[in-house]
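Fold and contact review
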Amino acid sequence: MGIVLRGNFLILQGTPEKTSVLKLKILSLIKEIKEGKALDKKTLERNVDLINQVPTLTDKEVIVTPKRLVKPRTFGQFQYLKALNEFDIVACIGPAGTGKTYLAVAKAIELLKKGAVRKVILTRPAVEAGEKLGFLPGDFKEKVDPYLRPLYDALHELMPYDKIKYYIEDCTVEIAPLAYMRGRNLDNSFIILDEAQNTGKTQMKMFLTRIGVGSRACITGDITQIDLEDPNLSGLLHILSLLSEIRGIKFVELSESDVVRHPLVKEIVKAYEMETLSRKKN
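Since the model is a prediction, treat every value here as computed from it, not as a measurement.

**Observations regarding the pattern of salt bridges**
Evaluated as defined, the whole model comprises 9 salt bridges. A salt bridge links Glu195 to Arg124; the shortest N-O distance between them is 3.4 Å. With Glu195 in the loop between β8 (189-193) and α7 (201-208) and Arg124 in strand β6 (residues 119-124), this residue pair connects regions lying 71 residues apart in the sequence. Accessibility expressed as a relative area gives 11% for Arg124, which makes it buried.

**Some details on the layout of surface pockets**
The space that makes up the second largest pocket amounts to roughly 780 Å³. Lining the second largest pocket are 33 residues, and of these Gly97, Thr101, Arg124, Pro150 and Arg261 lie nearest its centre. Put simply, the parts of the chain that give the lining of the second largest pocket at least two residues each are α4 (100-114), α5 (140-158) and β9 (216-221). Among the elements that make up the lining of the second largest pocket, the one with the highest residue count is α5 (5 residues). Its residues assigned to classes, the lining of the second largest pocket shows 12 nonpolar, 10 polar and 11 charged.

**Observations concerning the sheet that holds strand β10 (residues 249-253)**
The sheet built from 6 strands is open, its strands ordered β7-β6-β8-β9-β5-β10 with parallel pairing. The strands lining the two open edges of the sheet, one partner per strand, are β7 (173-177) and β10. For this sheet, the mean angle separating the axes of adjacent strands, direction not counted, is 15°. Both strand β5 (residues 89-93) and β10 contribute to a ladder of 5 bridges, which runs parallel. Bridge pairing in β10 places Cys92 opposite Val252. Where α4 meets the sheet, it contacts β5, β6, β7, β8 and β9, and its direction lies at approximately 170° from that of β8.

**Points about helix α8 (residues 235-242)**
Regarding α8, the residues found buried are Gly235, Leu236 and Ile239. The arc that holds every buried residue of α8, seen down its axis, measures 95°, which confines them to one face. Residues of α8 that are buried sit in contact with β5, α7, β9 and β10. Where α8 begins, one side-chain oxygen reaches toward the backbone nitrogen of Leu236, 3.3 Å away; that side chain belongs to Ser234.

**Describing the pairing of β9**
Of all 6 residues that make up β9, 6 are buried, and the element is covered over most of its length. Across the two faces of β9 the burial is the same, with Arg216, Cys218 and Thr220 and Ala217, Ile219 and Gly221 all buried. Alignment of β5 against β9, held across 5 bridges, turns out to be parallel. Across the sheet, Cys92 pairs through a bridge with Thr220, a residue of β9.

**A few points about the nonpolar core**
The biggest cluster of nonpolar side chains holds 35 residues, and the ones touching the most others in it are Tyr80, Val105, Leu122, Leu155, Ile175, Phe190 and Ile192. Going through the elements one at a time, α3 (75-86), β5, α4, β6, α5, α6 (161-169), β7 and β8 are the ones with two or more residues in this core. The element that contributes the greatest number of residues to this core is α4, accounting for 8 residues. Sequence-distant contacts of Ile175, defined by excluding residues within four places in its chain, comprise Leu122, Leu148, Leu151, Tyr152, Leu155 and Ile168. With 22 residues, the next largest nonpolar core counts Leu186, Leu193, Leu243 and Ile249 among its residues.

**Quick word on the pairing of β5**
A regular strand places its side chains on the two faces of the sheet in alternate fashion. A large share of β5 lies buried, amounting to 5 of its 5 residues. In β5, alternate side chains face the same way, and those of Ile89, Ala91 and Ile93 on one face and Val90 and Cys92 on the other are all buried.

**A look at the side chain of Glu174**
With respect to the helices, strands and loops of the structure, Glu174 is situated in strand β7. Those residues in contact with Glu174 that sit more than four places away from it in its chain are Lys119, Val120, Ile121, Leu122, Met181 and Arg184.

**Considerations on the packing of aromatic side chains**
For the structure shown, the criterion picks out 2 aromatic pairs. Between Phe75 and Phe78, the ring centres sit 6.1 Å apart and the planes meet at 25°, which makes this aromatic pair stacked. Remark: Phe78 and Phe75 occur in helix α3; sequence separation between them is 3 residues, near one turn of the helix. For Phe78, a relative accessible area of 1% gives the class buried. For the pair Tyr166 and Tyr167, a centre-to-centre distance of 6.0 Å together with 50° between the ring planes defines the contact as tilted. Judged by its relative accessible area of 12%, Tyr167 is buried.

Thresholds applied
- Residues numbered from 1 in each chain as written.
- Predicted model: local features only at pLDDT ≥ 70, side-chain atom pairs only at ≥ 80, totals over all residues.
- Heavy atoms only, no water.
- Salt bridge = Lys/Arg side-chain N within 4 Å of Asp/Glu carboxyl O.
- Helix = DSSP H or I, 4+ residues; strand = E, 2+ residues; numbered from the N terminus.
- Buried < 20%, exposed > 50% of the residue type's maximum accessible area, 1.4 Å probe, protein only.
- 1 Å grid on protein atoms, 1.4 Å probe; cavity = no way out; pocket = protein on both sides within 12 Å on 5 of 7 lines; lining within 4 Å.
- Points joined across faces, edges and corners; volume = space filled by probe spheres on them.
- Nonpolar A, V, L, I, M, F, W, Y, C, P; charged D, E, K, R; others polar.
- Pairing = 2+ DSSP bridges.
- Axes fitted to C-alpha atoms, helices over the stretch in contact; angles between N-to-C directions.
- Contact = heavy atoms within 4.5 Å.
- Arc of directions from axis to C-beta.
- Polar contact = N/O pair within 3.5 Å; in protein donor to acceptor, adjacent residues only side chain to side chain.
- Core = buried A, V, L, I, M, F, W, Y, C linked by side-chain atoms within 4.5 Å.
- Phe/Tyr/Trp six-rings, centres within 6.5 Å; stacked < 30°, edge-to-face > 60°.

Printed below as a string of structure tokens:
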């Protein structure tokens, strides 16, 4: 595999699989330069090492769902999907718009369709962010459903409505608040804990110890958007240090360069990160 510079063009030489991954990485670097990010010597050396060790983009990193094919759109997303293929527990941490939940749900659906798991469980903590649940209208289900809406949205992007309805009715797909997981033993399942930054330490322990035989789990969250009264009590922050050395658990970090929503979302994420860095320096 090689790279040839011809005027303003880069020509990537190699197998289609390897050049696809290399293209993702180069485009990520170009975006960072356009955004005015300084690429120092250390950063360049690290990226050259990554390019020299470019893995192969296989069929495993292309997810097949009933509605569409889902491919990684950034190098970070490629690393995320690779981790989902190779590890039983994956924790993906990154800002809004990086595809953390979407890719996890896509992978869950693919494994369900292949028969690799018998059940998909999607869960979130019902943490209040500026509003009290008691003041919202309706019964308990109607109050917590808004917290679970993003999970429904991801499903509807990837599966026909009638198939989703069928799976939910026969409990093949379950969407529920995290509190509903207590006391359960979840075998042969793909379990997604979304918005994990809003779990407490005991909640995170409870979730992780629900994982049964033949099951896999994906934990997603954004540690810059913790809605707990004391952010230091976040279960996601806790496991970053507590479980990082355990074999079989993989932590993947995405950044603003992996944002795939509206282009302005990337700028918004970067502005907040700059403000946070400024506060730390002061």
